[in-house]
Amino acid sequence: MNQLLDRIQSPKDLKELKGRDLSKLAKEMRKLIIDTVSKTGGHLSSNLGVVELTLALHYAFDAPRDKIIWDVGHQCYPHKILTGRQNMFGSLRQYNGMSGFPCRRESEYDVYDTGHASTALSAALGMSIARDKKKDDYNVVAVVGDGSLTGGIAWEALNQIGHLKEKLIIVLNYNEMSISHNVGAMSKYLSYIVSEQHYLKIKDLVKSILRTIPAVGKPMIKVGGAVEEAVKKTFFPGLVFEELGVKYVGPVSGHNIGSLIEVFNRAKSYSGPVLIHCVTQKGRGYAPAKKNPERFHSASPFDIGTGEPLVKNQRPTFSQVFGQTMLKLGEKNEKVMAITAAMPDGTGLADFGNRFPERFFDVGIAEQHAVEFAAGLGVSGYKPVVAIYSTFLQRAYDQLYHDICLMDIPVVFALDRAGIVPDDGPTHQGVNDIVYLRHLPYMIVMAPKDENELQHMIHSALSYAHPTAVRFPKGKGLGVRLDRKFKVIRPGESELLKEGQNLLLALGSMVHPALAAAEKLEKEGISLAVVNARFVKPLDEKMILRFARNSGVIITAEEGITAGGFGSAVRELLDRKNKFDIRFKSIGIPLEIYPMGKVEHIKKKFMLDEEGLCKQIKAFFKE
Ligand SMILES: Cc1ncc(C[n+]2csc(CCOP(=O)(O)OP(=O)(O)O)c2C)c(N)n1
């Protein structure tokens, strides 16, 4: 029984509560978050860190009239709990359930959908300008983490915010963490601002200077508070922001609800942009998450007592095999460098970073920079491998085209989480990469059927003289044996896995379901040869044209969007060779808003599992 939480149907109810009740409510919210996420999985540490901050925001502001934008949005659980979605909370991240990110379709309190980092400041500025043009007077508040402040877009926005001096409130949620420990010069600067030691040192220095000033110095020291204020104003804080034209307030404890409400109320009266620097603790209120905020950043279901995951991966994940491969390749070739954009653990590169710190770069949430940086290394004779999630490489399309590909620089892209991604919903689906990569000049694109082929592909990619992308799915591998010696696969070389009359040409994660489906269909009189395509580009043209000549039926299968995807590439080849009489079907993901949920559910919906493939192929032959 949640005594206080049960009374909160909307932020209005919150305003009936007084100081101590708010702290009690924070406790009840934390318990609900921990209980729920232990069952559904989710972004635990970040949400536990912003409970008080969110309470204070909804207390001080008047949402949905006032607009609150959550950068990335993974920290929106307390916001959802306070804005009428307590009853839906149990369906967090489930198929047809409540999104783990802000979602305009879900609630009027979610004013802007997020998922990818560093977008909130730009959107907030746009909304502020629109408010003024409409002669309205609500507040616009952007909540951004220190990790997301490593992204270039945030600084592009600050550049314009400081210039326009638009009324706008930025809440900087500073916890020294991105997913892993935050990196970079800006991160150092922010930690300098909050560091007590520097503050005390400078305060002592000022006092000793004052002591040397006859008559006025000593009395001034006695007015302790005044000195502190003066020191703070003169020596620290927020100089960078102030210089850019944004008023700086802070640092403020992000867990003291009373102070936060006071500061937020004051911020409403500023006529220009103001940044409030709140210091929070990731994982607060749950010991395992506080101790290991990184592991609980995006947690799978866990045992609340021990914090241990309920299901342990028995088989290595694709990311882990990629990480082990990089270690071996790094050992063999000292030109190999590894780059991640704030995801050393997620990509499996952490071990490479520990073993070869001088050849490992975490650039922060800065995908465009990561790619451009790799171009610089590659053009200078190094062998950079950029490990990035498929959805986040979308950010760097121009760098891929304008820099990597036009100059034909041999950089390797390891595209993790390619295809359908569980739980996080539409913003995180890795279904566009084939489309945005395959038309780029010189770019080689491949996808392994299992984790063993992944290691050979990464090795092969490093041997090619062109930019190369290897796309592979999230999660555990198939449990196949890993060859000890790496092989080089020739560009375009496919693999025939099953003989048959008509061609079922499958890519990456679709190869094994295609094989299983073909074996089943054989018994029903449909004869399919199954070929592991391996490459989206270049295609194994000879093999495809042989089937076109001999059988006249070609079916492609990919875990990606079909419009402009792998199937389209095969179709284009057939058209180019005047093979207009081929019966052709491309199986993949249709163009629509992608649902959220477990991979199995989504694959079932799109008929990409073995059963769905059988159905689609049978229907095709019936026609
Ligand atoms: C463009 C982009 N790259 C990477 C990510 C993955 N990601 C999600 S949250 C996160 C860390 C964000 O750190 P911060 O903004 O400080 O929030 P915190 O989790 O510390 O509260 C990262 C890297 C993302 N969402 N968007």
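In this report, we go over the structure that sits alongside the text. Along each chain, numbering runs from 1 in the same order as the chain's sequence is written. For a predicted model such as this one, the threshold for reporting local features is a pLDDT of at least 70, and the threshold for listing and counting side-chain atom pairs is 80 or more; totals across whole chains, interfaces and linings nevertheless cover every residue. As a rule here, side-chain values cover all heavy atoms of the structure and leave hydrogens and water aside.

As for the pattern of salt bridges
Right, so step 1: Here, a salt bridge means any side-chain nitrogen of Lys or Arg that lies within 4 Å of a carboxyl oxygen of Asp or Glu. Summed over the entire model, instances satisfying the criterion amount to 33 salt bridges.
Right, so step 2: Lys80 is the salt-bridge partner of Glu106, the closest N and O atoms lying 2.8 Å from each other. Of this pair, Glu106 sits in the loop between helix H5 (77-82) and helix H6 (120-133) while Lys80 sits in helix H5, placing them 26 residues apart in sequence.
Right, so step 3: In this scheme, a residue with accessible area under 20% of its type's maximum is buried, one over 50% is exposed, and one in between is partly exposed, where area comes from a 1.4 Å probe on protein chains only. Given the relative accessible area of 21%, Glu106 is considered partly exposed.
Right, so step 4: Of the charged contacts in the structure, one is a salt bridge between Asp132 and Arg131, with a shortest N-O distance of 2.9 Å.
Right, so step 5: Judged by its relative accessible area of 37%, Asp132 falls in the partly exposed class.
Right, so step 6: According to the relative accessible area criterion, Arg131 is buried, its value standing at 3%. Numbering of helices and strands runs from the N terminus; a helix is a DSSP stretch of H or I covering at least four residues, while a strand is a stretch of E covering at least two.

Describing the site of the ligand
Right, so step 1: As a structural note, the neighbourhood of the ligand is formed by 23 residues, with His74, Gly147, Ser148, Lys282 and Glu367 the closest of them.
Right, so step 2: In the model, an oxygen atom of the ligand is placed 3.0 Å from a nitrogen or oxygen of the Asn175 side chain.
Right, so step 3: Glu367 places a side-chain nitrogen or oxygen 2.6 Å from a nitrogen atom of the ligand.
Right, so step 4: Relative to its free-state accessible area of 590 Å², the ligand is covered by the protein chains to the extent of 97%.
Right, so step 5: Put simply, Ala, Val, Leu, Ile, Met, Phe, Trp, Tyr, Cys and Pro go in the nonpolar bin, Asp, Glu, Lys and Arg in the charged bin, and everything else, Gly too, in the polar bin. Taken together, the residues of the shell around the ligand break down into eight nonpolar, 11 polar and four charged.
Right, so step 6: A domain assignment, automatic or from a database, supplies the domain bounds used here. Residue contributions to the shell around the ligand reach at least three from each of two domains, namely domain 1 (5-291) and domain 2 (318-471). Only heavy atoms are used to decide nearness, and a residue is near a molecule or strand if one of them lies within 4 Å of it. Here a polar contact means two N or O atoms within 3.5 Å. Within protein one must be a hydrogen donor candidate and the other an acceptor candidate, and residues neighboring in sequence count only if both atoms are side-chain atoms. Only the protein chains shown count as covering a residue, and every accessible area follows the Shrake-Rupley method with a 1.4 Å probe.

Brief notes about the environment of His43
Right, so step 1: Position of His43 among the secondary structure elements: in the loop between helix H2 (19-40) and helix H3 (44-49).
Right, so step 2: With sequence-adjacent residues up to four places away left out, His43 is seen in contact with His74, Tyr77, Arg93, Phe101, Phe296, His297, Ser298 and Asp424. Contacts: residue pairs with any heavy atoms within 4.5 Å of one another.

Quick look at the sheet that holds strand S8 (residues 383-389)
Right, so step 1: Any two strands with at least two DSSP-identified bridges between them are counted as paired. Reading across from one edge, S7-S6-S8-S9-S11-S10-S15 is the order of the seven strands in this open sheet, with mixed pairing throughout. Looking along the sheet, the strands with just one partner apiece sit at the ends: strand S7 (360-362) and strand S15 (535-537). With strand direction ignored, the average angle separating the axes of adjacent strands in the sheet is 20°.
Right, so step 2: Examined bridge by bridge, strand S10 (residues 444-446) and S15 share two bridges and lie antiparallel to one another. By the bridge assignment for S15, Met446 is matched with Phe535. Whenever a helix is involved, its axis is fitted only over the stretch in contact; in every case the axis is a line through C-alpha atoms, and angles between N-to-C directions fall within 0 to 180 degrees.

Some thoughts on the packing of aromatic side chains
Right, so step 1: When two rings of Phe, Tyr or Trp (its six-membered ring) have centres within 6.5 Å they constitute a pair, described as stacked for plane angles under 30 degrees, edge-to-face for angles over 60, and tilted for the intermediate range. Tallying each qualifying case throughout the model produces 13 aromatic pairs.
Right, so step 2: Between the aromatic rings of Trp155 and Phe241, the centroid separation amounts to 6.1 Å while the plane-to-plane angle is 15°, which identifies the pairing as stacked. Here the residue Trp155 occupies a position in helix H7 (residues 152-164), and Phe241 occupies one in helix H12 (residues 239-244), the gap between them amounting to 86 residues.
Right, so step 3: Trp155 gets classed as partly exposed once you look at its relative accessible area, which sits at 24%.
Right, so step 4: Overall, Phe241 belongs to the buried group, its relative accessible area being 0%.
Right, so step 5: Here Phe241 and Tyr248 contribute two aromatic rings whose centre-to-centre distance is 6.1 Å and whose plane-to-plane angle is 10°, an arrangement assigned as stacked.
Right, so step 6: By the ring-pair criterion, three or more aromatic residues cluster together here, those being Trp155, Phe241 and Tyr248.
Right, so step 7: Here, a charge over a ring is recorded when the distance from Lys NZ or Arg CZ to the ring centre is within 6 Å and its angle to the ring normal is within 35 degrees. Over the ring of Tyr382 we find Lys335, and its NZ or CZ is 6.0 Å from the ring centre.
Right, so step 8: Above the plane of the ring of Phe356 lies Arg359, whose end atom (NZ or CZ) is 4.3 Å from the centre.

Regarding helix H8 (residues 185-194)
Right, so step 1: For H8, every residue scored as buried is listed here: Met186, Ser187, Tyr189, Leu190 and Ile193. The arc enclosing the buried residues of H8, seen along the axis, measures out at 160°, which places them on a common side. Turned more than 90 degrees away from the buried face of H8 sit Ala185 and Lys188, all of them exposed.
Right, so step 2: Buried residues belonging to H8 abut H7, strand S3 (168-174), H12, strand S4 (247-253) and strand S5 (273-279). Each direction from the helix axis to a C-beta atom contributes to the arc, which is the arc of those directions.

Here's the deal with the nonpolar core
Right, so step 1: Leu25, Leu44, Leu55, Phe264 and Ile276 are the most contacted members of the largest nonpolar core, which totals 53 residues.
Right, so step 2: Residue contributions to this core peak at seven residues, all from H2. Here, nonpolar core means buried Ala, Val, Leu, Ile, Met, Phe, Trp, Tyr and Cys residues that are tied together by side-chain atoms lying within 4.5 Å of each other.

Comments concerning the environment of Gly145
Right, so step 1: By the element assignment, Gly145 lies in strand S2 (residues 140-145).
Right, so step 2: Those residues in contact with Gly145 that lie beyond four places of it in its chain are Leu172 and Asn173.

Description of the sheet that holds strand S12 (residues 495-498)
Right, so step 1: Reading across from one edge, S12-S14-S13-S16-S17 is the order of the five strands in this open sheet, with mixed pairing throughout. Where the open sheet ends on each side, the last strands, each with one partner, are S12 and strand S17 (583-589). Strand-to-strand, the axes of this sheet are offset by a mean angle of 25°, without reference to chain direction.
Right, so step 2: As judged from the four bridges shared by strand S13 (residues 502-506) and strand S16 (residues 553-561), these two strands associate in the parallel manner. Note on S16: the bridge partner recorded for Leu503 is Ile554.
Right, so step 3: Of the strands in this sheet, S12, S13 and strand S14 (528-532) touch helix H22 (residues 511-522), which is tilted by about 170° from S14.

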